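Residue-level structure breakdown
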Amino acid sequence: MKYIILFFLVFGSFSSNEEQTIQSSATTITFFSKAALEDIEAVNKKAKAAIDLSNGQLAYSLYISDFEFDKKLMQKHFQNKYMEVEKYPKSTFSGTIQNWNGVENLSSTSTSFPIKGKMTIHGVEQQINETITLKKVGKTITMSSTFNVELVDYDIKRPKVMFQNIAETIEINVNSSYEIE
Amino acid sequence: MKLSKLFLILFLFNSGVAQVFCQEKSDTTSQSLLDGLLEEDDRSFAVTETFKATRVVSLHSVETVDQGEFLFLIGHRFGTLNSGLRDLFGLDNATIRFGGDFGITDRLNVGVGRSSFEKTYDGFIKYKLLEQKTGTDSFPFTLTAFTSANVNTLEVPFPDFPNTGNEHRWDYVSQLMLATKVNDHVSLQLAPMYFHRNFVEQEFEENSFIAGNIGTSIKISPSTRLNAEYFVNPESFEDQNNLTNSFNVGFDIETGGHVFQLHLTNSKGMTEKFLSQTSGDWFNGDIFFGFNVARNFNLGKHN
């Protein structure tokens, strides 16, 4: 009997670290540029995201070509001239939600958590520290985050003649929802 | 050893070991989460901007204007560089074409234009049949079909033949353009063409003939490109006439909604029809300088 207990004691403790990975049912990413001559906005409704509910690990992946603009010509310039999608078709993020206390403890009112991780845009990787807001209502978890990105940090070149049309700092908005069984 | 002591040691041991394992898992999990997302996500996208504009230099490229967009194109062509200082190397003799390309859908375009040279109106329909794609469902080229009509509205269209009828003012040109964006830096285009002219001035000239053109675009910087096209007219190989093949070189500067094109050519006119009437010789200095301004207008919200 003692040895059975011993057995479970030794091996039982590992079960608490099981992965509970789920993929987002819908992730939308929007970015916004405000400049003297014009405001630019684009939406990506086909982004993918995944979370490990056991430890708050988070990952996002999107195709740059999925960003939709009102002006199709602008969309083409964005893809070819600025983002060089031929070389860098995707942008990604992988990181951790800090102070993660398990999915059971998520509130039904929005709560902010710090998030740290690696953001890769245009082939350049940067460590970022931002804030993400989470809430759990029933079986749905929604997450959103708004943060700024500097073009220069990701080697995205803006021609001097466009300085009144394209901002140096772009605001990015990320929204995801997950369904838990 | 007492069993309780053993349990205590094992408990501490497990917590410690579990911690270490937990740490390693945490460090790799977000990356492996990302790897999982990246693994199942391979898609195909249409290749865009094989050429920066709907023209390579003077001739059409496979590019079409998107739905609801209107491209306003103003073309200027001056006289030949060998006209000498008196004529300011051709600057005194300018002809102009203004026109527009309109996107009925992303693939279907219509356009009209008017050249001051021979007061010719041109109209065309252009349809992108196939699109080049990258990714899992890749497809190697873009294929666009084009048909146009040109009408000479000079009071006497052919001065040496004052009794021609109105039907003789018309020329028709069709082509099938096949292009590939080799990479971000180079694009190539090949186009067999079919001409039909209702009136020809010389007896040995054919009313209908097949010709062809090849074009290329080379990226110099994100906003500039060097383009060239070579139009081969089979009639140029006849000894009786002095027709030559048309070679055009252009330099594109793109800024947001405008494209500025500077070009050098041995052809006087700016549309397909005129290229078939080329008689200039590059090596003789029969080079025309010109420039185009193309401005893109968004007439409808594209969704």
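In case you missed it, the structure is sitting above this.
Below or above, wherever it landed, is the structure these notes cover.

Regarding the overall build of chain B
What chain B contains, in helices and strands, is two helices and 14 strands. For 303 residues, the compact-globule formula gives about 19 Å, and the C-alpha radius of gyration of chain B, at 29 Å, lies well above that figure. Counting only C-alpha atoms and orienting by the principal axes, one finds that chain B spans roughly 125 × 40 × 40 Å. The 303 residues of chain B split such that 45% are buried. When the accessible surface of chain B is summed, it comes to about 14800 Å², and 61% of that surface belongs to carbon and sulfur atoms. Once the 24 positive and 37 negative side-chain charges of chain B are each reduced to a mean point, those two points are 10 Å apart.

Section: the overall build of chain A
When helices and strands are counted, chain A shows two helices and eleven strands. In chain A, the succession of α and β elements from N to C terminus is α-β-β-β-β-β-β-α-β-β-β-β-β. With 181 residues in all, chain A has 48% of them scored as buried. Taking the contacts inside chain A whose residues are at least 6 apart along the sequence as the reference set, 61% of them involve residues at least 24 apart. For chain A, the exposed area adds up to about 9300 Å²; of that, 52% sits on carbon and sulfur atoms.

Digging into helix 2 (residues 72-82) of chain A
The buried fraction of helix 2 of chain A amounts to ten of the eleven residues, a majority that puts the element mostly inside the structure. When helix 2 of chain A is considered as a whole, its buried residues turn out to be Lys72, Leu73, Gln75, Lys76, His77, Phe78, Gln79, Asn80, Lys81 and Tyr82 of chain A. Buried residues along helix 2 of chain A sit against strand 2 (26-34) and strand 6 (67-68) of chain A together with strand 2 (69-80), strand 8 (170-181), strand 12 (246-255) and strand 14 (288-298) of chain B. Among the residues trailing helix 2 of chain A, Glu84 of chain A stands out with phi positive, at a value near 50°.

Focus on the side chain of Lys81 of chain A
One can find Lys81 of chain A in helix 2. Not counting chain neighbours up to four residues away, the residues in contact with Lys81 of chain A comprise Lys76 and Pro159 of chain A together with Lys52, Pro222, Ser223, Glu254 and Gly256 of chain B.

What about the sheet that holds strand 4 (residues 48-52) of chain A?
All names here are of chain A. Sheet architecture is open: eleven strands sit in the order 1-4-5-7-8-9-10-11-2-3-6, paired in antiparallel fashion. Two strands close off the open sheet at either side, each with one partner strand: strand 1 (21-23) and strand 6. Both strand 1 and strand 4 contribute to a ladder of three bridges, which runs antiparallel. The residue bridging Gln23 from the neighbouring strand is Ala50, located in strand 4.

A few points about a nonpolar patch on the surface
All names here are of chain B. On the surface, Leu81, Leu85, Leu88, Phe89, Leu91 and Leu264 cluster together into a nonpolar patch covering about 530 Å² of accessible area. You can see Leu81 is positioned in the loop between strand 2 and strand 3 (95-103). Using a relative accessible area of 35% as the deciding quantity, one classes Leu81 as partly exposed.

Remarks on the pairing of strand 12 of chain B
Residue and element names in this part refer to chain B. Side chains Ser246, Asn248, Gly250, Asp252 and Glu254 of strand 12 all project onto a buried face; the interleaved residues Phe247, Val249, Phe251, Ile253 and Thr255 project onto a face where none is buried. Strand direction decides the pairing type here: strand 11 (residues 224-232) and strand 12, joined by eight bridges, are antiparallel. What sits directly across from Leu226, in strand 12, is Phe251. Here strand 12 runs beside strand 13 (residues 258-265); their pairing, made up of eight bridges, is antiparallel. Residue pairing across strands places Gly250 opposite His263, the latter belonging to strand 13. Linking two consecutive strands that pair antiparallel, namely strand 12 and strand 13, is a turn of two residues; a positive phi of about 55° is found at Gly256 within it.

Quick word on unusual backbone geometry
Although it is not a glycine, Asp155 of chain A sits at a positive phi angle of roughly 60°. The phi angle at Glu118 of chain B is positive, at roughly 60°, despite the residue not being glycine. One can find Glu118 of chain B in the loop between strand 4 (108-115) and strand 5 (120-130). A relative accessible area of 22% places Glu118 of chain B in the partly exposed class.

Observations concerning the pairing of strand 14 of chain B
Residues and elements named next belong to chain B. The sheet contact formed by strand 2 and strand 14 spans ten bridges and is antiparallel. When the sheet's bridge partners are listed, Phe70 is paired in strand 14 with Phe297. In terms of strand pairing, strand 13 meets strand 14 through eight bridges, oriented antiparallel. Across the sheet, His263 pairs through a bridge with Gly290, a residue of strand 14.

Thoughts on the sheet that holds strand 9 (residues 186-197) of chain B
All names here are of chain B. In spatial order, the strands read 2-3-4-5-7-8-9-10-11-12-13-14; together these twelve strands close into a barrel with antiparallel pairing. Averaged over all pairs of adjacent strands, the angle between their axes in this sheet comes to 20°, without regard to strand direction. Relative to strand 4, strand 3 is paired through seven bridges, and the arrangement is antiparallel. Note on strand 4: the bridge partner recorded for Gly100 is Val112.

What counts as what
Residues numbered from 1 in each chain as written. Chains lettered and ligands numbered in written order. Predicted model: local features only at pLDDT ≥ 70, side-chain atom pairs only at ≥ 80, totals over all residues. Heavy atoms only, no water. Helix = DSSP H or I, 4+ residues; strand = E, 2+ residues; numbered from the N terminus. Rg over C-alpha atoms; globule rule 2.2 N^0.38 Å. Buried < 20%, exposed > 50% of the residue type's maximum accessible area, 1.4 Å probe, protein only. Areas by Shrake-Rupley, 256 points an atom, 1.4 Å probe, with all protein chains shown as cover. Lys, Arg positive; Asp, Glu negative; His and termini not counted. Charge placed at Lys NZ, Arg CZ, Asp CG, Glu CD. Contact = heavy atoms within 4.5 Å. Pairing = 2+ DSSP bridges. Patch = residues over 30% accessible without salt bridge, like charges linked within 9 Å, V, L, I, M, F, W, Y side chains within 5 Å. Salt bridge = Lys/Arg side-chain N within 4 Å of Asp/Glu carboxyl O. Axes fitted to C-alpha atoms, helices over the stretch in contact; angles between N-to-C directions.

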